[in-house]
Amino acid sequence: MLPSLPMPRTPAARPCPLPVLAPALLLAVGCATLAGCSTRQSDELALRREFAVPWGASVVRYAASPEEPGWFGREGLKITMVFRLSPADAATFRSSALRSGRWRPLPIPVAELRHLAGIRTAMASRPDAAQHTGTLLERFQASLPPLPRAGLYQIRTAGDNIMGAPKRIISPLRNDVNDFMLAVLDPAERTLTIRVSSNY
């Protein structure tokens, strides 16, 4: 009778990160083909890539108008997307933003809000607009997601095709823009709010 040989030890199982990464992987793989990607998924993927949002961050709010493209694309596009970051990701994101020197502390100066609202352009095209600049600014501020008192913000603009064209980071904003991505980091709530807007 042959002596029994010791069985090889099975390595201890390691936790698999797939359950955490699965939503992100499904989003990326699904959007690799037009048939597998909804407009919402396409928006999320574009904004994650644009601002290097951690894949572990979850979307806690999404609103878009128009939701689907028409004959001439998504005219007058408005998107609000809010990501919730883990404590570790929020700390890392904030540290990276501060080191980059391309994010500015809140609050957003009124002069920059006026440029985002396009008030100077409105005044140039409509002689009576000068009488309503306060109202125009108030309406614009009311259209934005609630902004925290403390945090960081960044403004990007493309000039055309805001969701697809390369963007420039402008800091500070000194002229009106016809499209923008406004990103606001709230360290206290661990949220990254991104507002997309176009006037074409």
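Residues numbered from 1 in each chain as written. Predicted model: local features only at pLDDT ≥ 70, side-chain atom pairs only at ≥ 80, totals over all residues. Heavy atoms only, no water.

Engineer: Honestly, the layout of surface pockets in this entry has me stumped. Any pointers?
Structural biologist: Leftover empty space is mapped by rolling, across the atoms, a probe with the size of a water molecule. Taken as a whole, the second largest pocket encloses approximately 210 Å³ of empty space. Elements with a minimum of two residues in the lining of the second largest pocket: α3 (87–100) and β4 (152–157). In terms of residues, the lining of the second largest pocket owes the most to one element, α3, which gives six residues. In terms of residue class, the lining of the second largest pocket is made up of seven nonpolar, four polar and three charged. (1 Å grid on protein atoms, 1.4 Å probe; cavity = no way out; pocket = protein on both sides within 12 Å on 5 of 7 lines; lining within 4 Å. Points joined across faces, edges and corners; volume = space filled by probe spheres on them. Helix = DSSP H or I, 4+ residues; strand = E, 2+ residues; numbered from the N terminus. Nonpolar A, V, L, I, M, F, W, Y, C, P; charged D, E, K, R; others polar.)

Engineer: Help me out: how do you make sense of the pattern of salt bridges in this one?
Structural biologist: Close approach of charged atoms allows side chains of opposite charge to pair. On inspection of all chains with the given rule, the structure shows seven salt bridges. Between E44 and R48 there is a salt bridge, with its nearest N and O atoms 2.9 Å apart. Linking E44 with R48, this pair stays in helix α2 (residues 39–51), spanning four residues, or about one helical turn. E44 gets classed as buried once you look at its relative accessible area, which sits at 9%. One salt bridge in this structure joins E112 and R104, with 2.9 Å as the shortest N-O distance. Residue classification places E112 among the buried residues on the basis of a relative accessible area of 2%. (Salt bridge = Lys/Arg side-chain N within 4 Å of Asp/Glu carboxyl O. Buried < 20%, exposed > 50% of the residue type's maximum accessible area, 1.4 Å probe, protein only.)

Engineer: I tried to follow the confidence of the model for the protein chain on my own but got confused; where do I start?
Structural biologist: Parts of the model with low pLDDT should not have their predicted coordinates read in detail. Averaged over every residue, the pLDDT of the protein chain is 84; residues scoring 70 or more account for 76%. Here residues 10–22 is modelled with pLDDT under 50, and outside its nearest four sequence neighbours on either side it reaches one contact, counting other chains as well. (pLDDT = per-residue confidence, 0-100. Contact = heavy atoms within 4.5 Å.)

Engineer: What's the story with the nonpolar core in this structure? I'm lost.
Structural biologist: Nonpolar side chains tend to gather and get buried jointly when the protein is soluble and globular. In this structure, F51, F83, W103, L192, I194 and V196 are the most contacted members of the largest nonpolar core, which totals 22 residues. In terms of nonpolar packing, the next biggest core, distinct from the first, is built from 16 residues, I108, F140, I170 and V177 among them. (Core = buried A, V, L, I, M, F, W, Y, C linked by side-chain atoms within 4.5 Å.)

Engineer: Can you walk me through the environment of E68 in this structure?
Structural biologist: Summarising the element assignment, E68 is placed in the loop between β1 (58–65) and β2 (78–84). Remark: the alpha-carbon pair of E68 and T39, spanning 29 residues in sequence, is separated by 6.6 Å. For E68, the contacting residues outside a window of four places in its chain are T39 and R74.

Engineer: Can you help me understand helix α4 (residues 110–117) in this one?
Structural biologist: Every α-helical turn comprises 3.6 residues, leaving residues that sit three or four positions apart pointing alike. Residues of α4 that are buried: E112, L113, H115 and L116. Mapping the buried residues of α4 onto a view down its axis gives an arc of 160°, with all of them on the same face. (Arc of directions from axis to C-beta.)

Engineer: What is the right way to look at the packing of aromatic side chains in this model?
Structural biologist: Aromatic ring pairs are described here by two measures, namely the spacing of the ring centres and the angle between the planes. Counted under the stated rule, the structure contains two aromatic pairs. Judged by centre distance (5.7 Å) and plane angle (85°), the ring pair of F93 and W103 falls under edge-to-face. Remark: W103 occurs in the loop between α3 and β3 (104–105) and F93 occurs in helix α3; sequence separation between them is ten residues. The buried category is assigned to F93, whose relative accessible area is 10%. Residues F140 and F180 carry aromatic rings whose centres are separated by 6.2 Å and whose planes lie at 75° to one another, so their mutual orientation is edge-to-face. (Phe/Tyr/Trp six-rings, centres within 6.5 Å; stacked < 30°, edge-to-face > 60°.)

Engineer: Even after reading the chapter, I still don't get the side chain of K167, so can you show me in this structure?
Structural biologist: In this structure, K167 sits in the loop between β4 and β5 (168–169). On the basis of relative accessible area, K167 is assigned to the buried category, the value being 17%. In this structure the side chain of K167 is engaged in a polar contact, spanning 2.8 Å, whose partner is the backbone oxygen of I162. Within the local environment of K167, its side chain forms a polar contact with the backbone oxygen of A165, the two atoms lying 2.8 Å apart. (Polar contact = N/O pair within 3.5 Å; in protein donor to acceptor, adjacent residues only side chain to side chain.)

Engineer: Looking at this model, I keep getting lost on the pairing of β4. Mind explaining?
Structural biologist: In terms of residue burial, β4 counts as a mostly covered element, since six of its six residues are buried. Alternating residues of β4 divide into L152, Q154 and R156 and Y153, I155 and T157, and every residue in both groups is buried. One ladder, built from two bridges, connects β3 with β4; its direction is antiparallel. By the bridge assignment, R104 is partnered in β4 with Y153. Bridge count between β4 and strand β6 (residues 179–186): five bridges; the pairing is antiparallel. Residue pairing for β6: R156 is matched across the bridge by M181. When β4 meets β5, the two strands line up antiparallel, connected through two bridges. Each residue of the ladder has a partner; that of T157, found in β5, is R168. (Pairing = 2+ DSSP bridges.)

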